[in-house]
Amino acid sequence: MQRARSVRWAGAVALVLAAVGCTTPHRDRALPAPTATAPTASAAADCAYPRYEFTPDVRTETLTYVTPAVTLTAPDGGPVDFSHALAVRPLTATAVSSAGGADARHAYDAFVRQSRTPGLPEFGKPLKPYSNPTAGVGKPGRFLGYAFNWVITSSFVRHCAGTGAGRPDAVGSVTSFQADFPLAGTVDCAEPAGQSGREAARLMCGADA
């Protein structure tokens with residue numbers, strides 16, 4: 001009886017050793033260490049020599065300020081007051097990156113350097129309030145004032161030395177605007193014209209002054 005138990009125990013140990021000997025090399029080949037297949041998040045963020053590749057920028061007319069609508073009854077119209085213009089879409093020069101906030105700022109600065117649009121604002125700079133005091137209207141009616149800016153957007157991929165030839169290691173987008181290029185005008189609520197003018201009329205012409 002004792003001899004039979006010893007034989008069975010020895011056989012079980014031999015099977016375990018045989019299984020380990022067969023499966024361990026196969027497992028190592030099939031499942032390499034994670035660092036061998038993909039960089040960590042910190043490695044992606046610590047790119048010493050990034051190169052950014054941007055898509056062609058897109059310029060969008062964007063309504064930024066409106067005034068309350070006013071009714072002008074004089075035959076020669078009158079002024080529309082811009083001093084209390086309301087911000088429709090506050091704009092900020094910014095970027096986002098899959099590699100984190102520091103890389104987003106580097107990407108934005110790289111975009112400004114290669115952009116054909118002069119005078120783009122620095123990273124984090126907001127659009128200044130529109131400051132023209134009044135605009136004149138030469139006929140009676142219901143009018144409001146508005147201003148719009150050109151918003152500029154682009155997407156990018158980042159290439160980092162050492163991550164493989166042609167392989168991007170981060171992606172993101174930038175948003176900027178022409179800081180010194182607001183266009184302003186007045187809108188006749190009865191006959192609104194232009195993309196931003198019609199949007200401003202939809203927002204404000206229904207409200208009493």
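Here the structure is a predicted model, which means the values were calculated and not measured.

Colleague: Hey, could you go over the side chain of S115 for me, with residue numbers and the actual values?
Modeller: Examined against the element boundaries, S115 turns out to sit in the loop between α3 (101-114) and β7 (134-137). Residue S115 is classed as buried on the basis of its relative accessible area of 14%. Ignoring sequence-local partners within four residues, the contact set of S115 consists of D57 and L120.

Colleague: Run through the pattern of salt bridges, naming residues and quoting values.
Modeller: A full pass over the atoms with the stated rule returns four salt bridges. Ionic pairing is found between E199 and R89, a salt bridge with its closest N-O pair at 2.9 Å. Here the residue E199 occupies a position in helix α4 (residues 195-204), and R89 occupies one in the loop between β5 (86-87) and β6 (94-97), the gap between them amounting to 110 residues. Taking the relative accessible area as the measure of exposure, E199 reaches 18% and is therefore buried. Ionic pairing is found between D169 and R158, a salt bridge with its closest N-O pair at 2.7 Å. Highlighted residues: D169 in the loop between β8 (141-160) and β9 (170-177) and R158 in strand β8, separated in sequence by eleven residues. A relative accessible area of 1% means that R158 is categorised as buried.

Colleague: So what about the state of the cysteines? Which residues, and what values?
Modeller: In this structure the tally under the stated criterion is two disulfides. The disulfide partner of C47 is C160, and the gap between their sulfur atoms is 2.1 Å. Handedness of the C47-C160 disulfide follows from its S-S torsion of about 115°: it is right-handed. One end of the pair, C47, is in the loop between α2 (41-45) and β1 (50-54); the other, C160, is in strand β8, and 113 residues separate them in sequence. Paired by a disulfide, C189 and C205 hold their sulfur atoms 2.0 Å apart. What sets the handedness of the C189 and C205 disulfide is the S-S torsion sign, and at about -85° it is left-handed. Here the residue C189 occupies a position in the loop between β10 (183-188) and α4, and C205 occupies one in the segment after α4, the gap between them amounting to 16 residues. The same class applies to C189 as to C205, namely buried. When the bonded cysteines of the protein chain are counted from the start of the sequence, the pairing works out to 1-2, 3-4.

What counts and what doesn't
- Residues numbered from 1 in each chain as written.
- Predicted model: local features only at pLDDT ≥ 70, side-chain atom pairs only at ≥ 80, totals over all residues.
- Heavy atoms only, no water.
- Helix = DSSP H or I, 4+ residues; strand = E, 2+ residues; numbered from the N terminus.
- Buried < 20%, exposed > 50% of the residue type's maximum accessible area, 1.4 Å probe, protein only.
- Contact = heavy atoms within 4.5 Å.
- Salt bridge = Lys/Arg side-chain N within 4 Å of Asp/Glu carboxyl O.
- Disulfide = S-S within 2.5 Å.

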